[in-house]
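The residues making up each chain are set out below.
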Amino acid sequence: EIEEDGVLHSCLAVDKERIFVSKDGNQPVVLSVDDNGNTNLPDNVVQFSSDSVHDDEATTRDVYASSGAREAVLASLDGIDTTILAYGQTSSGKTHTMIGDIAGQERPGGREERGLCQLAVEEICARMQATEEDPDQDLSVAASFLQIYNEEITDLLAPRSSKQQKSSISLKEVDGRVIASGAHSQPITCVEDLNRVLLQGTKNRATSATALNEVSSRSHAVLNLDITHTSYEAAFTPQGSRDDASEIQVVRSARLSFVDLAGSERVKQSNVEGASLTEAAHINKSLFALVHVVQALHSASSSSSSSRTTPVHVPFRDSKLTWLLKSALLGASRTLLLVCLSPAQRHSLQTLSSLRFASACRSL
C-alpha cells in the first residue's frame, strides 16, 4: 500500500514458511538479519508458521501444487471426504484463489487465472480418461453449488424460475455427513462443464460494492464435487486365495468441497449500511461461530482434556456454516485451510486475526 509519501507501507513480510505481521496498525513491518542469518523481531512484530507461504508473484497453479491442495484432491479420489476452505478478510483474494477466471483465460503476461477448483477438475478428468480405457473401472463426478446468505442456505444451481432458488434448503445428517437436501447437481466430465456451473452459480450469488471491494461476496459459497469410483476386482475364496473366475464390485465415494468464505470486515472500513450492514453482521457472526468451533475442537483435543470429567461441547449448530462444515471439521476427513492476507498496513488487525485463526486450526 503506497501512501502519499510515496513509501511502501506493509503490515506483513514472508520468508519461506514464516509470516511476520505487525501488531500495531500504525507501524510497518521492518526486519533485520544478524551476521548468523537470524531474523531479529521488533517488539511490534509477531511471527507465524505455515505449511507453505505464497507471495503476490505466485500463480494459482503454484498454490495448487505446493499448498497441499493437489494432495487433498488425490485423497478424494481414494475415497476420503476432503474440504478446502479459503479464509480471510474481504478483498484479500479468496474468490480468485478458489474459482479464478471462469472462462479459464490468462492475464496479460501469461499469469494463470484458473482457480483451485478448476485445477482439481483437470486432475480428476485426467484420471477419468485413464479409467475410460479400463472396462473394469468407472469414475463419475457431479457438482452442486450452495450459498449461505443471511443464515439461509439456497441452491445456486436452481433454475431462475424455480422457487427453490429463493427458498431455504434444509440440512440433515446422513451417515455422519451433513448434506443439503434437494440441491440440484450437474454431471462434470471436463473443466468446461465446471465453468458453466461456476458461471451460473456466481451470477446467482449475492454480491455488492463496499469501500473495500467493488464486487464483495456477501455470502459463503460451497461447491461440492461428489466423486464415485466403481471398480471390478477379483474375489477371494473363504480360504483367502484369489479367485480369478469371479469378481466383486467395489464402490468408493467421496465429497470434495471448495468453501469460499465471505470475508470478515470492519464496518468502519467497509462503510456499509442498510442491507449491506445486515449482511456484514451475519457474515461476521457465522465466522465468529467458526472460530468458536475451532477453539472447542482444540480444547477437546488438548492433552489436558484427558482429565476432564465432562466432554467439551462443540457448538456446530450455532450457525448454518458450522453445521454444514461439521463433517469436514470432525471425523475421518481431510481439511485444508487457505488463508488469504492483505499486506496493506491499514488492514494489519484483520491480517493478525486471520493468522491467529489459522494457527489455531493448524494445531488441531
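1. Overview of the overall build of the chain
In terms of regular secondary structure, the chain is built from 10 helices and 16 strands. Considering the chain as a whole, with its 364 residues, one finds that 45% of them fall into the buried category. Considering only intrachain contacts with a sequence separation of at least 6, the fraction spanning at least 24 residues in the chain is 64%. With the model as given, the accessible surface of the chain reaches about 18600 Å², and the carbon-plus-sulfur share is 48%.

2. A word on the packing of aromatic side chains
Tallying each qualifying case throughout the model produces one aromatic pair. A ring pair is formed by Y87 and F357, whose centres lie 4.3 Å apart and whose planes are at 25°; its orientation type is stacked. One end of the pair, Y87, is in strand 6 (residues 82–88); the other, F357, is in helix 10 (residues 348–362), and 270 residues separate them in sequence. Given a relative accessible area of 7%, F357 falls into the buried group.

3. Some words on the confidence of the model for the chain
Residue-level pLDDT values for the chain average 82, and 82% of them are 70 or greater. A low-confidence stretch, residues 1–8 stays under pLDDT 50, and its non-local contacts, those more than four residues away or across chains, total nine contacts. Overall, residues 211–215 carries pLDDT values under 50, and its contacts beyond four positions in sequence, including any with other chains, amount to 16 contacts.

4. Thoughts on the sheet that holds strand 1 (residues 12–15)
Ordered in space as 1-2-5, the three strands form an open sheet in which the pairing is antiparallel. A single partner strand is all that each edge strand has here, and the edge strands are strand 1 and strand 5 (45–49). Adjacent strand axes in the sheet meet at a mean angle of 20°, parallel and antiparallel pairs treated alike. Across four bridges, the pairing between strand 1 and strand 2 (residues 18–22) is antiparallel. Paired with V14 across the bridge in strand 2 is I19.

5. Some words on the nonpolar core
Of all hydrophobic cores here, the largest spans 38 residues; its most connected members are I84, L116, I124, L223, L225 and F258. Element by element, the count of residues in this core is highest for helix 4 (residues 116–132), at eight residues. In this structure, L225 is in contact with V121, I124, V141, A142, A143, L194, A254, R255, L256 and F258, ignoring residues within four places of it in sequence. If you look at the next biggest cluster of nonpolar residues, it comprises 28 residues, including Y87, A262, L321 and L325.

6. A word on helix 5 (residues 191–204)
Note that an α-helix has 3.6 residues per turn; residues three or four places apart therefore point the same way. Under the 1.5 Å per step criterion, the end-to-end length of helix 5 is 20 Å for 14 residues, consistent within 8% with the ideal 20 Å. When we look at burial in helix 5, the residues that qualify are V191, D193, L194, N195, V197, L198, G201 and N204.

7. A few points about the packing of helix 7 (residues 275–301) against helix 10
Relative orientation of the contacting elements helix 7 and helix 10 amounts to 35°, with a least axis distance of 9 Å. Relative to helix 10, the crossing made by helix 7 is left-handed. Contacts between helix 7 and helix 10 involve L290, V291 and V294 from the former and F357, A360 and C361 from the latter. Residue classes in the contact of helix 7 with helix 10 are distributed as six nonpolar, no polar and no charged.

8. What about the packing of helix 2 (residues 69–77) against helix 4?
When two helices pack together, their arrangement is given by the angle between the helix axes and by the axis-to-axis distance. Two elements in contact, helix 2 and helix 4, have axes separated by 10 Å at closest approach and are oriented at 45°. One way to sum up the angle between helix 2 and helix 4 is to call them oblique. In terms of crossing hand, the pair formed by helix 2 and helix 4 is right-handed. For the pair helix 2 and helix 4, contact is made by A69, R70, V73, L74 and L77 and by L116, A120, E123, I124 and R127, respectively. Of the residues assigned to the contact of helix 2 with helix 4, the class counts are seven nonpolar, no polar and three charged.

9. Points about the side chain of D193
Mapping D193 onto the fold places it in helix 5. Since its relative accessible area comes to 13%, D193 is described here as buried. A distance of 2.6 Å separates a polar atom in the side chain of D193 from a polar atom in the side chain of T189. A distance of 2.4 Å separates a polar atom in the side chain of D193 from a polar atom in the side chain of R196. Filtering out sequence-adjacent residues up to four positions away, D193 remains in contact with P187 and I188.

10. Here we look at the environment of L225
Structurally, the position occupied by L225 is in strand 14 (residues 220–236). When the C-alpha positions of L225 and P187 are compared, they lie 9.4 Å apart, and in sequence the two are 38 residues distant.

11. Here's the deal with the pattern of salt bridges
Evaluation of the coordinates by the stated rule reveals 10 salt bridges. With a shortest N-O distance of 2.8 Å, D81 and R177 are connected by a salt bridge. Of the two residues, D81 is situated in the loop between helix 2 and strand 6 and R177 in strand 10 (residues 177–180); the sequence distance between them amounts to 96 residues. We classify R177 as partly exposed; its relative accessible area is 22%.

12. Overview of helix 4
Between the first and last C-alpha of helix 4 there are 24 Å, a value that for 17 residues agrees with the 24 Å anticipated at 1.5 Å per step. Among all positions of helix 4, only L116, C117, Q118, L119, A120, V121, E123, I124, C125, M128 and T131 are buried.

About the thresholds
- Residues numbered from 1 in each chain as written.
- Predicted model: local features only at pLDDT ≥ 70, side-chain atom pairs only at ≥ 80, totals over all residues.
- Heavy atoms only, no water.
- Helix = DSSP H or I, 4+ residues; strand = E, 2+ residues; numbered from the N terminus.
- Buried < 20%, exposed > 50% of the residue type's maximum accessible area, 1.4 Å probe, protein only.
- Contact = heavy atoms within 4.5 Å.
- Areas by Shrake-Rupley, 256 points an atom, 1.4 Å probe, with all protein chains shown as cover.
- Phe/Tyr/Trp six-rings, centres within 6.5 Å; stacked < 30°, edge-to-face > 60°.
- pLDDT = per-residue confidence, 0-100.
- Pairing = 2+ DSSP bridges.
- Axes fitted to C-alpha atoms, helices over the stretch in contact; angles between N-to-C directions.
- Core = buried A, V, L, I, M, F, W, Y, C linked by side-chain atoms within 4.5 Å.
- Expected span 1.5 Å × (residues − 1).
- Left-handed = near helix turned anticlockwise from the far one by under 90°.
- Nonpolar A, V, L, I, M, F, W, Y, C, P; charged D, E, K, R; others polar.
- Parallel < 35°, antiparallel > 145°, perpendicular 65-115°, else oblique.
- Polar contact = N/O pair within 3.5 Å; in protein donor to acceptor, adjacent residues only side chain to side chain.
- Salt bridge = Lys/Arg side-chain N within 4 Å of Asp/Glu carboxyl O.

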